[in-house]
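Residue-level structural notes
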Amino acid sequence: MHPIQEQVSLAEYTTLRLPVRARYFVRVSSLSALKDALRFSQDKGLQLLVLGEGSNLVIREDFPGLCVKLELSGVKVDPQPGGAVQVTAAAGESWHGFVLYCLEHGLHGLENLALIPGCVGASPVQNVGAYGVEIKDRMLALSALDRQTLQLRSFTLADCEFGYRDSVFKGRLRDRYIIVSVTFLLSANASRVTNYGGLREWLPCSDPSPRELFDAVCAARRAKLPAPAELPNVGSFFKNPVVGESAHQALLKRFPRLVSYPVAGGFKLAAGWLIDQAGWKGKIDGAVAVHRNQALVLVNQGDGTGVDILRLAGRIQADIRQRFDVELEIEPRIY
């Protein structure tokens, strides 16, 4: 385990670049080091904050406990009969780097999830998804460390209780386990999802190669979403809300150009469309703002704080509630 440091700025470890500090901070690159860090937090009775790439996190104020920077690395490939391939990646691997690794090694199925910021271990927590594919569609199992007992537990796909941008790790098992590795079921045969509306315009043809699909996803994301390294943000700040049929019909009568999609249990509304229609795109609020090209993205323009970001988010939520009678749920985790 690396030495435990005190009073460390977390700005460089979170994509919002918020000016907060951790009372204690440590980087861990092995399972034994992670256990040592947990024992340290237990002995001192400290709160625990586990960071991957800090890409889905809003920290309001200085963290009084131990911040653990998870740097577990490694990828294992296990071919299966019929062209299936099990691929296990350590939690600290860069997500986009892992997707690129799979593409370059002929392991297909993750191309639609290219360029999503974050690390492998964070991907199942909110069941990340893009362009018609979610983690639950490709994941086989994962391994996680119990923070209390320091024992490893295997989770099947069903154990994770995946939902839209949701999992058991955001619900009843929140802050109980630390994911240390994730196993995906991929294919040596090209398997592509290309029928998502927002992706088709970026594809060079109706039957793209895996590389062409990967490149199209990257181009689409770069055109719509600011890179956190250039403009601090956490990607989509709000979930797309789901409403019942009657509420959907009522909205359609008032807003005939409403952007929505049928899903199980009702209709998914495009949160970005709602925010854009309400006039928030590009709006500046002190040191924070709504991105000028994507209304779902809130950005830190330099010296914004977590309180600033959450205050702006609250104003947007209240406005959407008043205009559309729709509740927007914040997507990133808040500490």
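Anyway, here's the lowdown on the structure attached to this text. This one's a predicted model, so the numbers in the text were calculated from it and none came from an experiment.

**Re the overall build of the protein chain**
- For the protein chain, the count of helices and strands is eight helices and 20 strands.
- Rg of the C-alpha trace for the protein chain: 20 Å, near the compact-globule value of 20 Å for 335 residues, within the 12% margin.
- Across its three principal directions, the C-alpha atoms of the protein chain cover 60 × 55 × 35 Å.
- In the protein chain, which comprises 335 residues, the proportion classed as buried is 50%.
- Put simply, the protein chain shows about 15,100 Å² of open surface, and 47% of that area lies on carbon and sulfur atoms.
- Each charge class in the protein chain can be summarised by its mean position, and for the 38 positive and 34 negative side chains these summaries are 3 Å apart.

**Some words on the sheet that holds strand β7 (residues 84-90)**
- Across the sheet, which stays open at both edges, the five strands sit in the order β6-β7-β12-β10-β11 with antiparallel pairing between neighbours. Every other strand in the sheet has two partners, leaving β6 (75-79) and β11 (152-156) as the edge strands with one partner each. For this sheet the average axis-to-axis angle between neighbouring strands, irrespective of direction, equals 20 degrees.

**Side note on the packing of helix α2 (residues 95-104) against helix α5 (residues 210-224)**
- Taken N-terminus to C-terminus, the directions of α2 and α5 make an angle of 160 degrees; their axes are 10 Å apart at the nearest point. When the axis of α2 is compared with that of α5, the two are roughly antiparallel. The way α2 lies across α5 gives a crossing that is left-handed. Here α2 contributes His96, Val99, Leu100, Leu103 and Glu104 to the contact with α5, which in turn contributes Pro210, Arg211, Phe214 and Cys218.
- Considered class by class, the residues forming the contact of α2 with α5 number six nonpolar, one polar and two charged.

**As for the side chain of Asp146**
- For Asp146, the location among the structural elements is in strand β10 (residues 139-146).
- Take Asp146: its relative accessible area is 4%, and that puts it in the buried class.
- A distance of 2.8 Å separates the side chain of Asp146 from the backbone nitrogen of Gln148, its partner in a polar contact.
- Setting aside residues up to four positions removed in sequence, Asp146 forms contacts with Gln151, Arg176 and Tyr177.

**Here we look at the sheet that holds strand β16 (residues 266-269)**
- Reading across the sheet, the three strands line up as β14-β16-β15 and stay open at both edges, with antiparallel pairing between neighbours. At either margin of the open sheet sits one strand with a lone partner, and together these are β14 (242-243) and β15 (260-263).
- Bridge analysis of β15 against β16 gives four bridges, and the strand direction is antiparallel. In the strand pairing of β16, Pro262 is matched with Phe267.
- Helix-sheet contacts for helix α6 (residues 245-254) involve β14, β15 and β16, and the interaxial angle to β16 is about 50 degrees.

What counts and how
- Throughout this description, residue numbers start from 1 for each chain and increase along the sequence as written.
- The predicted nature of this model means local features are confined to residues of pLDDT at least 70 and side-chain atom pairs, given and counted, to a pLDDT of 80 or more, with totals for whole chains, interfaces and linings taken over all residues.
- Computation of side-chain values: all heavy atoms of the structure, hydrogens and water removed.
- Where helices and strands are cited, they refer to DSSP runs of H or I of at least four residues and of E of at least two residues respectively, numbered from the N terminus.
- For the radius of gyration, the atom set is restricted to C-alpha positions; the globular benchmark scales as 2.2 Å times the number of residues to the power 0.38.
- When accessible area is computed with a 1.4 Å probe and restricted to protein chains, residues below 20% of their type maximum are described as buried, those above 50% as exposed, and intermediate ones as partly exposed.
- Every accessible area reported is derived by Shrake-Rupley at a probe size of 1.4 Å, with residue values counting cover from the shown protein chains alone.
- Counted as positive: Lys and Arg. Counted as negative: Asp and Glu, with His and the chain ends omitted from the count.
- All charge positions are set by atom: Lys at NZ, Arg at CZ, Asp at CG, Glu at CD.
- Here, a strand pair is defined by DSSP locating no fewer than two bridges between the strands.
- Fitted lines through C-alpha atoms serve as axes, helices being fitted only where they are in contact, and the angles separating the N-to-C directions of these axes extend from 0 to 180 degrees.
- Angle categories are assigned with fixed cut-offs, so that under 35 degrees is roughly parallel, over 145 is roughly antiparallel, 65 to 115 is roughly perpendicular, and the rest are oblique.
- With the far helix as reference, a near helix turned anticlockwise by less than a right angle produces a left-handed crossing, and one turned clockwise produces a right-handed crossing.
- Contacts were defined at the residue level, with two residues in contact if any of their heavy atoms lie within 4.5 Å.
- Three classes are used, and their members are as follows: Ala, Val, Leu, Ile, Met, Phe, Trp, Tyr, Cys and Pro are nonpolar, Asp, Glu, Lys and Arg are charged, and the others, Gly among them, are polar.
- Side-chain atoms alone can form a polar contact between residues adjacent in sequence; in general such a contact is a pair of N or O atoms within 3.5 Å, and within protein one must be able to donate a hydrogen while the other accepts it.

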